[in-house]
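Structural features, examined
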Amino acid sequence: VQLQASGGGLVQAGGSLRISCAASGLTFSNYKMGWFRQAPGSEREFVAAINWSGSSIFYADSVKGRFAISRDNAKNTVYLQMNSAKPEDTAVYYCAAASRSTPLYRAPSVYNYWGQGTQVTVSS
């Protein structure tokens with residue numbers, strides 16, 4: 001199984017960025033997908049999650065109304081659209097896959113597979 005995150009980079013505060021995560025080696029529609037982030041010196045924190053069909057979506061309060069998670073099961077890819085970016089959004093962003101049967105989505109321990117991370121830096 002491989003989760004390949006891409007699209008990170010430098011964005012100005014107030015700007016937008018879309019990051020992607022391409023999955024291979026698994027039946028993508030059998031998994032809910034999540035995005036987490038980790039800033040230097042901080043623990044990994046939940047950002048957003050989407051169920052296998054895209055009908056249920058969850059966000060951390062810190063990104064609600066600014067970020068949007070989506071998925072394309074035909075392309076085995078999950079996306080995170082980041083709008084109105086803030087300097088505090090600066091972190092390494094990780095995608096992760098969890099079995100669709102689990103009702104949980106916030107805890108990192110729920111997820112079976114992780115990508116390598118992509119750096120997002122928001123300049124003030």
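For the structure itself, look to the data block above.
Here's the deal with the overall build of the protein chain
Broken down by element type, the protein chain carries zero helices and eleven strands. Reading the protein chain from its N terminus to its C terminus gives the helix and strand order β-β-β-β-β-β-β-β-β-β-β. Classification of the 124 residues of the protein chain by burial places 43% in the buried group. When contacts within the protein chain are restricted to residue pairs at least 6 apart in sequence, those whose partners lie at least 24 apart make up 60%. Surface summary for the protein chain: the accessible area is close to 6,000 Å², and the carbon and sulfur share equals 47%. Side-chain charges in the protein chain split into 11 positive and 6 negative, and the spacing between the mean points of these groups amounts to 8 Å.

Thoughts on the packing of aromatic side chains
Counting across every chain of the model gives seven aromatic pairs. With a centroid separation of 5.1 Å and an interplanar angle of 80 degrees, the aromatic rings of Phe36 and Tyr111 are classed as edge-to-face. One end of the pair, Phe36, is in strand E4 (residues 31–38); the other, Tyr111, is in the loop between strand E9 (91–99) and strand E10 (113–114), with 75 residues separating them in the sequence. By the burial criterion, Phe36 is buried, and Tyr111 matches it.

So, the state of the cysteines
Counting across every chain of the model gives one disulfide. Disulfide pairing places Cys21 opposite Cys95 at an S-S distance of 2.0 Å. Torsion about the S-S bond of the Cys21 and Cys95 cystine: about 60 degrees, corresponding to right-handed handedness. Taken together, the residues span a long stretch of sequence, with Cys21 in strand E3 (residues 17–24) and Cys95 in strand E9 at a distance of 74 residues.

Some details on the environment of Arg18
Position of Arg18 among the secondary structure elements: in strand E3. Once the C-alpha coordinates of Arg18 and Ile57 are considered, the two residues, 39 residues apart in sequence, prove to be 17 Å apart. Once you skip the residues sitting within four places of it in the chain, Arg18 turns out to touch Gly7, Tyr79, Leu80 and Gln81.

Some details on the nonpolar core
Nonpolar side chains tend toward joint burial in soluble globular proteins. Within the largest apolar cluster, 38 residues are counted, with the highest numbers of intra-cluster contacts made by Trp35, Leu80 and Tyr93. Mapped by element, the contributors of at least two residues to this core are strand E1 (2–6), E3, E4, strand E5 (45–50), strand E7 (67–72), strand E8 (77–82), E9 and strand E11 (118–123). Tallying contributions element by element places E9 first for this core, with six residues.

Considering the sheet that holds E3
Read from one edge of the open sheet, four strands run E1-E3-E8-E7, paired in antiparallel fashion. On the outer flanks of this sheet lie E1 and E7, each paired with one strand and no other. Neighbour to neighbour, the strand axes of the sheet diverge by 15 degrees on average, direction disregarded. Relative to E3, E1 is paired through five bridges, and the arrangement is antiparallel. Within E3, the residue paired with Leu3 across the bridge is Ala23.

Procedures and definitions
- All residue numbers refer to position in the chain's written sequence, counted from 1.
- Only residues with pLDDT of 70 or above have their local features reported here, since the model is predicted, and side-chain atom pairs are shown and tallied only from 80 upward, although totals for entire chains, interfaces and linings are computed over all residues.
- Values reported for side chains reflect all heavy atoms of the structure, with hydrogen atoms and water molecules removed beforehand.
- The way it works is that DSSP assigns letters per residue, a run of H or I at least four long becomes a helix, a run of E at least two long becomes a strand, and they are numbered from the N terminus.
- For every residue, the accessible area obtained with a 1.4 Å probe (protein chains only) is divided by the maximum for its type, and the residue is called buried under 20%, exposed over 50%, and partly exposed between those limits.
- Whether two residues are in contact is decided by their heavy atoms: any pair within 4.5 Å suffices.
- Accessible surface is estimated by sampling points in the Shrake-Rupley manner with a 1.4 Å probe; for residues, cover comes only from the protein chains shown.
- Only four residue types enter the tally: Lys and Arg on the positive side, Asp and Glu on the negative side, with His and both chain ends excluded.
- A charge is said to be at NZ when it belongs to Lys, at CZ for Arg, at CG for Asp and at CD for Glu.
- In summary, the pairing rule links any two rings of Phe, Tyr or Trp, Trp by its six-membered ring, whose centres are within 6.5 Å, and it sorts them by plane angle into stacked for under 30 degrees, edge-to-face for over 60 and tilted for everything else.
- For the purposes of this analysis, a disulfide is any pair of cysteine sulfur atoms at a distance within 2.5 Å.
- Residues belong to a common nonpolar core when they are buried Ala, Val, Leu, Ile, Met, Phe, Trp, Tyr or Cys residues joined through side-chain atoms within 4.5 Å.
- If DSSP finds at least two bridges between two strands, the strands pair.
- Note on geometry: axes are lines fitted to C-alpha atoms, helical ones only across the stretch in contact, with angles between N-to-C directions running from 0 to 180 degrees.

So far we have only geometry, and geometry alone does not tell us how the molecule works.
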